[in-house]
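Residue-level structure breakdown
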Amino acid sequence: MTIGDLLDPGAVALRVSAPGKRQALSMVADVAARVLGVDADVALEGLIEREAAGSTGVGEGVAIPHARLDGLDRVRAVLVRLDTPVAFDALDDKPVDLLVALFAPREANAQHLRALARVARMMRQPETRSALRQARSADAIHVLLTHEATSTAA
């Protein structure tokens, strides 16, 4: 499994404005609804439930929100890049501008955990975060993540 396997080219949204954490999660849910065919309200509810257990803000401006949803056949990803970082109760107290959300089938325990670990490992790389912030298009981000995933898979 690579990040490219999880992230459809259409599941990337750039230049997104959100005044706060809930609105940022709502934007993630909207992209998931459009690309993955899930209900936006159900996706948002799943993300908010997970955030209630503890922030998915992992530091360095990155959050990895995730939820388990009915109707998915495999783990899928959505990436949202915010124009202006928002407070996210992250581990380092820094605001978040990169959200890499994962949506998994309810029963996909091992797959979900492997995907979370892979995304977290990738997003720890300063070069990756910088490239994601500088990318000019959703296609460029998809190519970057597909390449990054294959170069770190070893």
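Here is a short report on the structure shown in this document. (Residues numbered from 1 in each chain as written. Predicted model: local features only at pLDDT ≥ 70, side-chain atom pairs only at ≥ 80, totals over all residues. Heavy atoms only, no water.)

Glancing now at the pattern of salt bridges. Scanning the model with the defined rule gives 7 salt bridges in all. The salt bridge involving K21 is made with D89; its shortest N-O contact spans 3.8 Å. Residue K21 is found in helix 2 (residues 21-36), and its partner D89 is found in the loop between strand 5 (76-86) and strand 6 (96-105); the two are separated by 68 residues along the sequence. Because the salt bridges share partners, they merge into one network encompassing K21, E51 and D89. (Salt bridge = Lys/Arg side-chain N within 4 Å of Asp/Glu carboxyl O. Helix = DSSP H or I, 4+ residues; strand = E, 2+ residues; numbered from the N terminus.)

This next bit is on the packing of aromatic side chains. Under the criterion given, the structure shown has 0 aromatic pairs. The ring of F88 has K21 sitting right over it, with the charged end atom 4.8 Å from the ring centre. (Phe/Tyr/Trp six-rings, centres within 6.5 Å; stacked < 30°, edge-to-face > 60°. Lys NZ or Arg CZ within 6 Å of the ring centre and 35° of its normal.)

This part takes up the environment of V35. Mapped onto the elements, V35 comes out in helix 2. Judged by its relative accessible area of 22%, V35 is partly exposed. As for V35 and R68, which are separated by 33 residues in sequence, their C-alpha atoms are 16 Å apart. Residue contacts for V35: discarding those within four places in its chain leaves D8, G10, A11 and R76. (Buried < 20%, exposed > 50% of the residue type's maximum accessible area, 1.4 Å probe, protein only. Contact = heavy atoms within 4.5 Å.)

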